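So you can see what is in the structure, the chains are spelled out below.
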Amino acid sequence: MANVNEFEFHPRIIAALKKAFDLWKNSKALLPEFERKRLSVGCHLLDQFLKGGVLSQALTEISGESASGKTQLCLQLCLTVQMPVEMGGLDSGAIYVCTEDAFPSRRLKQMIDVLHKTRPSVVNSVLMDNVYIEHSADVDDLWKCISQKIQFLLRSGKVKLVIIDSLAAVFRCNQVEVDLVKRARQLSSVGTLLSRLSSDFRIPIVVVNQVSDIVESNSFSLTEKRTPSLGIAWGNQVTMRLMLSRTSECITQEYDRENSSDPVAEETKTFYSANVRCLRVIFAPHLPNTACRFIITQGGLQGYG
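In this report, we go over the structure that sits alongside the text.

A short note on the pairing of strand E4 (residues 93-98)
Of all six residues that make up E4, six are buried, and the element is covered over most of its length. A two-sided burial pattern is seen for E4, the buried positions comprising Gly93, Ile95 and Val97 on one face and Ala94, Tyr96 and Cys98 on the other. Note: E4 against strand E6 (residues 159-165), five bridges, orientation parallel. From the neighbouring strand, glycine 93 faces E6, where its bridge partner is valine 159. Pairing geometry for E4 and strand E5 (residues 131-135), over five bridges, is parallel. Counterpart to isoleucine 95 in the pairing with E5 is tyrosine 132. Once the chain exits E4 it traverses helix H5 (residues 105-118) before rejoining the sheet at E5, and the crossover so formed is right-handed.

Section: helix H4 (residues 70-80)
Judged by how many residues are buried, H4 sits mostly within the fold: 10 of 11 residues are covered. Among all positions of H4, only Lys70, Gln72, Leu73, Cys74, Leu75, Gln76, Leu77, Cys78, Leu79 and Thr80 are buried.

Brief notes about the sheet that holds strand E10 (residues 240-254)
Read across the sheet, nine strands follow the order E5-E4-E6-E7-E3-E10-E11-E12-E13 without closing on themselves; strand pairing throughout is mixed. At either end of the open sheet lies a strand with only one pairing partner, and these are E5 and strand E13 (300-304). On average, adjacent strands in this sheet sit at an angle of 25° to one another, irrespective of strand direction. Relative to strand E7 (residues 204-209), E6 is paired through three bridges, and the arrangement is parallel. Residue pairing in the sheet places isoleucine 163 in a bridge with valine 206 of E7. Across the sheet, H4 lies against strand E3 (58-64), E4, E5, E6, E7, E10, strand E12 (291-297) and E13, angled at about 165° from E6, the strand it touches most. Helix H6 (residues 139-156) contacts E4, E5 and E6 of the sheet and is inclined by roughly 165° relative to E6.

Regarding the pattern of salt bridges
Enumeration according to the criterion identifies eight salt bridges in this entry. The residue glutamate 65 makes a salt bridge to arginine 226 at a minimum N-O spacing of 2.6 Å. In this pair, glutamate 65 is assigned in the loop between E3 and H4 and arginine 226 in strand E9 (residues 222-228), connecting sequence segments 161 residues apart. Of the residues examined, glutamate 65 reaches a relative accessible area of 12% and is grouped as buried. For aspartate 213, the salt bridge is made with arginine 226, and the minimal N-O distance between the two is 3.0 Å.

With respect to the nonpolar core
As a rule of thumb, soluble globular proteins bury nonpolar side chains together. By size, the foremost hydrophobic cluster in this structure holds 44 residues, and its most contacted members are Leu46, Leu50, Tyr96, Leu161, Ile163, Val206 and Leu279. Take this core: its biggest share by element is six residues, from H4. When near neighbours in sequence (up to four residues on either side) are disregarded, leucine 279 contacts Leu46, Phe49, Leu242, Met243, Leu244, Thr290, Ala291, Cys292 and Phe294. By size, the runner-up hydrophobic cluster in this structure holds 28 residues, among which are Leu59, Cys145, Ile150 and Leu167.

Conventions adopted
- Residues numbered from 1 in each chain as written.
- Predicted model: local features only at pLDDT ≥ 70, side-chain atom pairs only at ≥ 80, totals over all residues.
- Heavy atoms only, no water.
- Buried < 20%, exposed > 50% of the residue type's maximum accessible area, 1.4 Å probe, protein only.
- Helix = DSSP H or I, 4+ residues; strand = E, 2+ residues; numbered from the N terminus.
- Pairing = 2+ DSSP bridges.
- Right-handed = clockwise from strand over helix to strand, strands pointing away.
- Axes fitted to C-alpha atoms, helices over the stretch in contact; angles between N-to-C directions.
- Contact = heavy atoms within 4.5 Å.
- Salt bridge = Lys/Arg side-chain N within 4 Å of Asp/Glu carboxyl O.
- Core = buried A, V, L, I, M, F, W, Y, C linked by side-chain atoms within 4.5 Å.

As structure tokens, this is what we get:
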């Protein structure tokens with residue numbers, strides 16, 4: 001049998017092996033820098049749960065049933081991205097692509113007003129003008145938006161966060177005959193482009209997804225399970241998948257008059273009822289499969305318990 005030393009390796013193979021060894025050797029030095037690249041959610045408890053917030057250079061999916069808080073979380077990220085880096089932000093703006101409903105500008109304004117009262121130091125940095133809004137009605141519109149408008153804003157340095165709310169809406173089809181092959185190809189192209197933009201510009205990209213009800217049967221009973229839409233092919237392109245859901249639990253909170261953005265409620269309310277919701281990590285490269293609870297206040301998502 002020939003000795004390993006007797007083989008002559010191609011120079012390109014030697015160079016590739018040397019590069020791989022250097023990357024492995026420097027991985028420990030690069031890890032702390034990677035760990036710092038998070039976008040805060042805007043709540044200390046939720047940031048602790050997510051070990052810093054939403055990943056940069058990653059495609060994050062937020063899925064969940066209706067009224068579970070998906071859009072609320074996205075709006076909150078539009079505020080935190082504008083904060084200074086030392087406060088968990090990226091010191092830049094966000095682009096928000098709506099595919100279903102009109103952009104909830106009144107709700108965003110309410111959250112900004114509360115934020116300015118609770119954190120006066122960010123009054124001049126967190127503004128509605130730093131949130132760029134686009135609307136896409138179908139797959140072709142969305143592709144143009146991503147490949148042209150979003151890339152232009154990213155190159156200009158005006159935004160460091162991309163949110164699509166929601167991706168499932170433009171791929172949902174009510175026609176009897178659906179070209180599944182074409183749909184899968186389009187979905188793959190959109191996912192690949194979003195992943196490339198996230199990597200090239202080193203930014204977080206957040207995509208909202210809907211859920212589907214799946215009935216599973218066994219020998220004794222039928223069970224209903226909710227799973228994110230768009231299938232396995234899309235799921236394989238996602239780096240971090242979070243799922244939001246409602247619970248039957250309800251708590252009573254004392255009304256915060258000092259930081260309220262509603263002058264009428266300030267005079268009439270003392271307590272209010274808040275529904276408890278659940279944030280679950282389905283998968284992430286740095287997090288276990290676990291869950292935490294939160295409520296939605298005037299200022300946005302707030303961890304609970």
